[in-house]
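Fold and geometry: a report
Here is how the chains run, residue by residue.
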Amino acid sequence: MRGCRITKDDFLPEVSFQSWGNYLNALREVPARFLEQVTNRSLEETELTEVRARSQHEMKRTLNWWDLIWLGLGAVIGSGIFVLTGLETRESAGPAVVLSYVISGVSAMLTVFCYTEFAVEIPVAGGSFAYLRVELGDFVAFIAAGNIALECVIGGAAVARSWTSYFATLCNHQPDEFRITVNQLGANYSHLDPIAVGVIAIICVLATLSTKGSSRFNYVASIVHMIIIVFVITAGLTKADTKNYSPFAPYGVRGIFRASAVLFFAYLGFDAVATMAEETKNPGRDIPIGLVGSMVIASAAYCLMAITLCLMQPYSEVDPNAPFSVAFEKVGMGWAKYIVAAGALKGMTTVLLVGAVSQARYLTHIARTHMLPPWLAYINERTGTPVNATIVMMCGTAVIALFTSLNILSNLLSISTLFIFMLVALGLMVRRYYVSGVTTFEDRNRLVACIAIIIASSMATAIYWGLGGNGWIGYMITIPIWFLATLSLRLLVPQAREPKIWGVPFMPWAPSASILINMFLLSSIDKDSFIRFGVWSAVLMVYYMFIGLHASYDTVKASREEKKDVQSATKFSKVEQGGGPSTLNYVN
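Just so you know, these numbers come straight off a predicted model, no measurement behind them. (Residues numbered from 1 in each chain as written. Predicted model: local features only at pLDDT ≥ 70, side-chain atom pairs only at ≥ 80, totals over all residues. Heavy atoms only, no water.)

So, about the packing of aromatic side chains. Following the criterion strictly, the structure yields 28 aromatic pairs and no others. Considering the side-chain rings of Phe 142 and Tyr 544, the 4.6 Å spacing of their centres and the 35° angle between planes classify their relative orientation as tilted. Of the two residues, Phe 142 is situated in helix H8 (residues 138–170) and Tyr 544 in helix H21 (residues 527–587); the sequence distance between them amounts to 402 residues. The residues Phe 142 and Tyr 544 share a single accessibility class, namely buried. (Phe/Tyr/Trp six-rings, centres within 6.5 Å; stacked < 30°, edge-to-face > 60°. Helix = DSSP H or I, 4+ residues; strand = E, 2+ residues; numbered from the N terminus. Buried < 20%, exposed > 50% of the residue type's maximum accessible area, 1.4 Å probe, protein only.)

Structure, rendered in structure tokens:
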């Protein structure tokens, strides 16, 4: 089996890496290759057939809309609601945390619409990476790929550490009590979490065995989880005290938006449904129902649980690690904390499982393009799952989960995710309004101008907020500019492509609003997280210039030459077939 026999060609099979001479020549051509890859856009047909075929075996189409709804719920409802609600209620928003969830939910729903249209029309495992490769080109897709990898690893690590906190609560211990403290390490890295590593290892085994089996386990666990959420809401409201809702917004509007940027983490996971498109029986029907349906249910559950928590106890007394368990104990329902902890553990387990399944699909499709080693694209013939990608991704997740605290993980994850979602919204606008050979030169220039102004005005709004602008003057300038740019795009640039099956409503307002809100939320994240994000981006650029650029360039070049050979052979065959009958006619 190829997955067990590893050679150099499994990692660097491209021409540029066959010898040191070839590699040095490739480095000399970096500027020319970079310019070509920046403008190079993949084709839908290429992603759906040629790229997918590089995995040797097909993924099995076993999922329907019912599976996707429960996969969506399993992926979304986890540590975000059970952990971050307490942290942000106490430190950022107070009872107004429910408004933070509404803001994050609106942003997430707009992004869901964008993902749904792409997933229906380009049903491949690569998700946002494949969509951006088709619409914005290889380089932008690679930047997204790097952030997708970061999102996958950090998201899984954050949930795994939260799993340990709730497991400790279930065992009548403090949330940090099962971690090992090493004082020689930094404050945010000194609490080692071996339990999180063990949980990740078990999840890795489950994810590699079967997609349908993982779906069935998730389905059962998610039903139990939803029952417990209903219990938390109904039982918690019996202990509600409206006095706890005063003051409603102790940290002001800025605190609400700061919390919404972090709580966006709670909505992560819905993109996992998009990566399952390649394994869905009827993507055109099942994906819209699965994506939108799971997001609506999750948003309602989040808001109700946030309201319940803040009615049970004053925001200043909310526990940041296990808020719901501690809240029930404080109101005299100590027995209920065990039900809450068990529900939280089930939720986090399904988040980890669905995350492992979807993360591996992302990595698999990226590896199919050779931006990552093609060894990761291997699909096991028996299970129909990407075994290599799953194991590598979960190993990285385990290393991060062992050392890093939740607050660092959640902030860095939110930056990476908001950035990707903004790119997907931008890609959808390009998809609808630009088609090569259809869009006129004048319409293309109007499109570029409108998009540039939308991005600039959104960025200006975010910067003004981030620098502490409390007055309305700045927003009275930037928001109308964004509105006029979006309106101009709607009125002055005709759509070059209509969706075949399912389309985002209110074009271009939905993706334009998604860009604005995502950028605005980014401005509420702390400076240190942006520094870490900058360091990661620098690492990505180094990798791209020395490895990824040349691997993907050689792959695209080889693909083009192969197509030319096929076309030449086909043309020659047609000439031979055409010549045969004429000769016979002449003889007759």
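Moving on, there is more to tell.
Residues Ile 202, Val 205, Leu 206, Leu 209 and Phe 217 make up a contiguous nonpolar surface patch of about 450 Å² in total accessible area. Residue classification places Ile 202 among the exposed positions, given a relative accessible area of 55%. (Patch = residues over 30% accessible without salt bridge, like charges linked within 9 Å, V, L, I, M, F, W, Y side chains within 5 Å. Areas by Shrake-Rupley, 256 points an atom, 1.4 Å probe, with all protein chains shown as cover. Salt bridge = Lys/Arg side-chain N within 4 Å of Asp/Glu carboxyl O.)

Here we come to the confidence of the model for the protein chain. Averaged over all residues, the pLDDT of the protein chain is 82; the fraction at 70 or higher stands at 88%. Low pLDDT, under 50, characterises residues 579–588; the predicted model gives this stretch zero contacts beyond four residues in sequence or across chains. (pLDDT = per-residue confidence, 0-100. Contact = heavy atoms within 4.5 Å.)

Let us now look at the environment of Ile 501. Here Ile 501 is to be found in the loop between helix H19 (473–492) and helix H20 (509–522). When the C-alpha atoms of Ile 501 and Gly 284 are compared, they prove to be 6.2 Å apart, with 217 residues separating the residues in sequence.

Think of an α-helix as turning once every 3.6 residues; residues three or four places apart then point the same way. Between its terminal C-alpha atoms helix H16 (residues 387–403) stretches 25 Å, which fits the 24 Å expected from 17 residues at 1.5 Å a residue. For H16, the complete set of buried residues consists of Val 387, Asn 388, Ala 389, Thr 390, Met 393, Met 394, Thr 397, Ala 398 and Ala 401. Those residues of H16 that are buried lie in contact with H8, helix H9 (194–209) and helix H15 (336–368). (Expected span 1.5 Å × (residues − 1).)

Nonpolar side chains in soluble globular proteins generally cluster together in the buried interior. Counting 158 residues, the largest nonpolar core has Ile 77, Phe 82, Tyr 101, Tyr 115, Tyr 166 and Phe 270 as the members making the most contacts within it. Per-element tally for this core: the top contributor is H15, with 17 residues. (Core = buried A, V, L, I, M, F, W, Y, C linked by side-chain atoms within 4.5 Å.)

Another point: the state of the cysteines. In protein structure, a disulfide is the covalent linkage between the sulfur atoms of two cysteines. Scanning the entire structure with this criterion turns up zero disulfides. Unpaired in terms of disulfides, Cys 395 finds its nearest cysteine sulfur in Cys 204, a separation of 6.4 Å. Relative accessible area serves as the criterion here: at 46%, Cys 395 is assigned to the partly exposed category. (Disulfide = S-S within 2.5 Å.)

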